[in-house]
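The chain contents come next:
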Amino acid sequence: MRWKIIVVNCTIVVVLGLLTFALLRTSLLDVLADRGSRRAEAERAVRSANTLLELESLRLERWLAERASEESVSGVFAAGTLEARSESARFQANRLRDAANKSALLSKVPIPLVLFVDARGVALGRNDSNQMRGDDLGRSYPSIASALRSGQTSSHVWLNRQRSEQLIVSYAPVHVDGAIAGLLIGWLGVVVVFALNALTYMVMAAVLANLGSSGVRTPAPPLPERFGGALVAGARYVRHSPV
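Keep in mind that what you see is a predicted model, and the values were worked out from it rather than measured. (Residues numbered from 1 in each chain as written. Predicted model: local features only at pLDDT ≥ 70, side-chain atom pairs only at ≥ 80, totals over all residues. Heavy atoms only, no water.)

K.L.:
What's the story with the overall build of the protein in this structure? I'm lost.
P.N.:
Each helix and strand in the protein was counted, giving eight helices and five strands. Moving toward the C terminus, one meets the helices and strands of the protein in the order α-α-α-α-β-β-α-α-β-β-β-α-α. Put simply, the protein has 243 residues, and 33% of those count as buried. Entry remark: accessible area of the protein is about 15200 Å², with carbon and sulfur atoms responsible for 61%. (Helix = DSSP H or I, 4+ residues; strand = E, 2+ residues; numbered from the N terminus. Buried < 20%, exposed > 50% of the residue type's maximum accessible area, 1.4 Å probe, protein only. Areas by Shrake-Rupley, 256 points an atom, 1.4 Å probe, with all protein chains shown as cover.)

The following block contains the structure:
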């Protein structure tokens, strides 16, 4: 009885292995047969993803710059106490997030997060939550300090393993009495983050596509154990092992 079970299971493994090998071989042959076309497709995908990121970032920068000039936004930084500034920042962030998602300029990409940062790079408040309040984001993301010094709108990618963040954000400085009081920050939604991931994978695909034409040859690895021999060895082990 035990041998019947072993034979059936081995047969299933062999059939699945052969099917997997056939499908994988067909796919690889298709890729390798037209390496130039695959490389061109990868390069086009990289350019398309990069263009999408730049376009959506510029739209968000423009929208944030218009909002930063509003009196209600600059008033966040003029509140008397830190608690008052934080509460005002959260209220205005909620309002701006709702306005962004209704804006014709930003209609294609949702803006899930709007954040106020003071002149030191410390978060005052964001929409829908007290999270990040008091965080020294200027230390975690040097681009914030650069934006505060330059006083210009800009966009950056936030990559932070400790905070598990991979975000595309845009900055707009907020001026009070002619001085930079802080930044208004908007986070582009998941569609653009997926584009960032696609850009990363397409770059890797382009690199892999170039490997075959680089002229570099590496020594072949030793041949693995044949499938039939491994199957016989496994059956021998099962036969002689106690159950």
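Next, the rest of the story.
K.L.:
Mind showing me how you'd approach helix α6 (residues 142-150) here?
P.N.:
All buried positions along α6 are accounted for by S143, I144, A147 and L148. Buried residues of α6, viewed axially, fall in a sector of 140°; they line one side. Looking at α6, the residues exposed on the side facing more than 90 degrees away from the buried face are P142 and R149. (Arc of directions from axis to C-beta.)

K.L.:
Can you walk me through the side chain of S74 in this structure?
P.N.:
Mapped onto the secondary structure, S74 falls in helix α3 (residues 71-74). Excluding its chain neighbours within four sequence positions, the residues that come into contact with S74 are V174, H175 and V176. (Contact = heavy atoms within 4.5 Å.)

K.L.:
Any chance you could explain the nonpolar core here in plain terms?
P.N.:
Within soluble globular proteins, side chains that are nonpolar generally end up buried alongside one another. Counting residues in hydrophobic clusters, the biggest one holds 24 residues, and the most contacted among them are L60, W63, F77, L96, I111, F116 and L184. Secondary-structure elements contributing two or more residues to this core are α2 (35-68), α4 (82-102), β1 (113-118), β4 (165-176) and β5 (179-187). Here this core takes five residues from α2, the largest share from any one element. With 17 residues, the next largest nonpolar core counts L137, L167, L183 and W187 among its residues. (Core = buried A, V, L, I, M, F, W, Y, C linked by side-chain atoms within 4.5 Å.)

K.L.:
What is the right way to read the packing of aromatic side chains from this model?
P.N.:
How two aromatic rings sit relative to each other is set out by the distance from centre to centre and by the angle between their planes. All chains considered together, the criterion is met by three aromatic pairs. With centroids separated by 4.1 Å and ring planes inclined at 5°, the aromatic side chains of Y141 and W158 adopt a geometry described as stacked. Linking Y141 in the loop between α5 (137-140) and α6 with W158 in strand β3 (residues 154-160), this pair joins segments that are 17 residues apart in sequence. For Y141, a relative accessible area of 4% corresponds to the buried category. With a centroid separation of 6.4 Å and 50° between ring planes, the pair formed by W158 and Y171 is classed as tilted. Highlighted residues: W158 in strand β3 and Y171 in strand β4, separated in sequence by 13 residues. The same class applies to W158 and to Y171, which are both buried. The side chain of R67 reaches across the aromatic face of W63, ending 5.0 Å from its centre. (Phe/Tyr/Trp six-rings, centres within 6.5 Å; stacked < 30°, edge-to-face > 60°. Lys NZ or Arg CZ within 6 Å of the ring centre and 35° of its normal.)

K.L.:
For this particular structure, what's the right way to read unusual backbone geometry?
P.N.:
Although it is not a glycine, D128 adopts a positive phi angle of roughly 70°. Relative to the helices and strands, D128 resides in the loop between β2 (123-126) and α5.

K.L.:
How do you make sense of the pattern of salt bridges when you look at a structure like this?
P.N.:
It is possible for side chains bearing opposite charge to pair when their charged atoms get close. One pass over the structure, following the stated rule, counts 11 salt bridges. Residue R62 pairs with E66 through a salt bridge whose shortest N-O separation is 3.8 Å. Of this pair, R62 and E66 are both found in helix α2, four residues apart, which corresponds to roughly one turn of the helix. Each of R62, E66, R67, E70 and R95 takes part in a single network of salt bridges with overlapping partners. (Salt bridge = Lys/Arg side-chain N within 4 Å of Asp/Glu carboxyl O.)

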